[in-house]
Amino acid sequence: MNLSRKYQLTGAVVLIAVAAVLLKYRDYVVNPWTRDGQVRAEVIQITPRISGPIVQLAIVDNQFVKAGDLLFEIDPRTFAASLAQASAQYDKAKDNYVAQQKQVEAAQAQVEVTRASLDQANSTIKQADAEIAKNKAEFQRQKDLLPIKATSQKSVDRARANYEVSVQKRKGAVASLTQAQASLVQSEADLAEARANLGAPGDANASIREARAEQEQGELNLEFTQVRAPVDGYVTNLNLRLGSQAVANQPALALVDVNSYWIAGFFKETLIKRIGKGDRAIITLMSYPDTPLEGYVDSLGWGIAQQDGSTGFELLPNVSPTFEWIRLAERVPVHIHLEEVPAEIGLRVGTTASVLVLTGSADDDQDAQVPPVPAALR
């Protein structure tokens, strides 16, 4: 009897354990999971801005670098010489600007001189007109006095001469006025030309701005000879050597941003409807199977590339054969944001991961303990 009860008790414990395991396993079966996951990160293509031979290589393959660390240096001598030439041109442009300012000042002074000459000519004409009127009146008076013997013929002749001289003086004053007007027009034209040659004043001057831009470009090119890391990361697939020719706008090496790791899980389209943004995710790396990582669903993809119907041979549509009794579900990418990654785990881009998403867990307690994914689901 005791032996039978012992067997019953043992059987009950076994049944309870099996039931607990099945219930736990059911949780993993119910929740969407996939073995088709990959570690991803932002891979920055380090591209030089200028061309030239590499004279310093400060890194080795797979080295960790901090943002701002020197990666390699391009021969700076050519760009230093170009900068010196641009600086000289900038100084020359400033000197030319000063000289053109002086020309404007001289042209302005000449305009003032010609205007003074014009005013003087107008004043001379007015004086000549007054003198003509005076001499004409005197000449007429002498002529009127001559018949009554109140004056002499000599006085009449002298009055006539004075009148005729004053008329000639006025003609000379008119000629001077015309010349002064022509000189004023010419001096104003010279002033306008000098101002046009000078351009905008101060730092807004086009010649100075152009020379300054050339100098700044030279400074940038010299700075670009030192290629530095834009982020913290790992140098990957380094094929550069001392003396290699760096070519502008062509990638020279890759840098994996260590602060940008995420997991790309590719789930069957039949499971996507059960996944929501913010749902907690359990990630098991193939390289670290006993250390599960936690994260959450950051976003779900809205499209994948279509193979059927793409252009194939002779521009005909390319259609893959299928079996009518088998319908393969397409896989949709799901972006998984990693939370805290243990220090002993080294994430590597492209490595394999299994991902399990806990359905409806977006608002659950984030501090709850998450067990590793069962080996059958890895």
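Residues numbered from 1 in each chain as written. Predicted model: local features only at pLDDT ≥ 70, side-chain atom pairs only at ≥ 80, totals over all residues. Heavy atoms only, no water.

> Where do I start with the overall build of the chain in this structure?
Per the secondary structure count, the chain includes four helices and 16 strands. In the chain, which comprises 378 residues, the proportion classed as buried is 29%. Contacts spanning at least 24 positions in sequence make up 81% of the contacts within the chain whose residues lie at least 6 apart. Carbon and sulfur atoms provide 54% of the accessible area of the chain, an area that totals close to 24200 Å². (Helix = DSSP H or I, 4+ residues; strand = E, 2+ residues; numbered from the N terminus. Buried < 20%, exposed > 50% of the residue type's maximum accessible area, 1.4 Å probe, protein only. Contact = heavy atoms within 4.5 Å. Areas by Shrake-Rupley, 256 points an atom, 1.4 Å probe, with all protein chains shown as cover.)

> Looking at this structure, I do not really get the packing of aromatic side chains. What am I missing?
Centre-to-centre distance and the angle between the planes together describe a pair of aromatic rings. Applying the stated criterion across every chain yields a total of one aromatic pair. The ring centre of Tyr90 lies 5.9 Å from the NZ or CZ of Arg212, which sits over that ring. (Phe/Tyr/Trp six-rings, centres within 6.5 Å; stacked < 30°, edge-to-face > 60°. Lys NZ or Arg CZ within 6 Å of the ring centre and 35° of its normal.)

> Looking at this model, I keep getting lost on the sheet that holds strand β3 (residues 52-57). Mind explaining?
Strand pairing in a sheet is mediated by backbone hydrogen bonds. Such pairs are either parallel or antiparallel. The four strands are arranged β6-β5-β3-β8 in an open sheet whose pairing can be described as antiparallel. A single partner strand is all that each edge strand has here, and the edge strands are β6 (226-228) and β8 (245-246). With two bridges connecting them, β3 and β8 associate as antiparallel partners. Bridge pairing in β8 links Gly52 to Ala246. (Pairing = 2+ DSSP bridges.)

> I tried to follow the sheet that holds strand β10 (residues 262-268) on my own but got confused; where do I start?
The strand order around the closed barrel built from six strands is β1-β10-β15-β12-β11-β16, with neighbouring strands paired in antiparallel fashion. When strand polarity is set aside, the average angle formed by the axes of neighbouring strands in this sheet is 40°. (Axes fitted to C-alpha atoms, helices over the stretch in contact; angles between N-to-C directions.)

> Is there a simple way to think about the pairing of strand β11 (residues 280-285) in this case?
Consecutive side chains along a regular strand alternate between the two faces of the sheet. The buried fraction of β11 is high, at six of six residues. Burial of the side chains of β11 extends over both faces: Arg280, Ile282 and Thr284 are buried on one face and Ala281, Ile283 and Leu285 on the other. Across five bridges, the pairing between β11 and strand β12 (residues 288-300) is antiparallel. Across the sheet, residue Ile283 finds its bridge partner in β12, namely Leu293.

> Which parts of the structure should I look at to understand the pairing of strand β15 (residues 331-338)?
Side chains Val332, Val334, Ile336 and Leu338 project from β15 onto a buried face, and the interleaved Arg331, Pro333, His335 and His337 project onto a face without burial. Summarising the sheet, β10 and β15 pair through seven bridges and their orientation is antiparallel. Residue pairing in the sheet places Lys268 in a bridge with Arg331 of β15. Across five bridges, β12 lies against β15 in antiparallel orientation. Across the sheet, the residue bridging to Gly295 is Leu338, located in β15.

> What is the right way to look at unusual backbone geometry in this model?
When glycine is set aside, most residues are seen to have a negative phi, and most peptide bonds are trans. In this model, Asn62 sits at a positive phi of 70°, which is unusual for a non-glycine residue. Tracing the sequence through the fold places Asn62 in the loop between β3 and β4 (64-65). Its relative accessible area of 54% is what places Asn62 among the exposed residues. For Asn249, which is not a glycine, the phi torsion comes out positive at approximately 65°. Summarising the element assignment, Asn249 is placed in the loop between β8 and β9 (253-257).

> Just checking my understanding: could you explain the environment of Gln245 for this structure?
Tracing the chain through its elements places Gln245 in strand β8. Assessed through its relative accessible area of 51%, Gln245 is described here as exposed. Each C-alpha atom of the pair Gln245 and Val55 lies 9.6 Å from the other, and the pair is 190 residues apart in sequence. Contact partners of Gln245, with chain neighbours within four places excluded, come to Ser51, Gly52 and Pro53.

> Looking at this structure, I do not really get the environment of Arg195. What am I missing?
Topologically, Arg195 is positioned in helix α3 (residues 153-198). With a relative accessible area of 45%, Arg195 lands in the partly exposed category. For the pair formed by Arg195 and Gln100, sequence separation is 95 residues and the distance between their alpha carbons is 8.0 Å. If we ignore the near neighbours within four places in the chain, the residues touching Arg195 are Val104 and Gln108.

> Quick question: what am I supposed to make of the side chain of Asp75 here?
Structurally, the position occupied by Asp75 is in the loop between β5 (70-74) and α2 (77-145). Polar side-chain contacts of Asp75 include one of 2.8 Å to the side chain of Arg77. Excluding residues within four positions of it along the chain, Asp75 makes contact with Pro53, Val55 and Thr225. (Polar contact = N/O pair within 3.5 Å; in protein donor to acceptor, adjacent residues only side chain to side chain.)

> Can you walk me through the pattern of salt bridges in this structure?
Pairs can form between side chains of opposite charge once their charged atoms are near each other. For the structure shown, the criterion picks out 10 salt bridges. Note that Lys66 and Asp232 form a salt bridge whose closest N and O atoms lie 3.8 Å from each other. Taken together, the residues Lys66 in the loop between β4 and β5 and Asp232 in the loop between β6 and β7 (233-236) connect sequence positions 166 residues apart. Taking the relative accessible area as the measure of exposure, Asp232 reaches 19% and is therefore buried. Connected through salt bridges with shared partners, the residues Glu112, Arg115 and Glu188 form a single ionic network. (Salt bridge = Lys/Arg side-chain N within 4 Å of Asp/Glu carboxyl O.)

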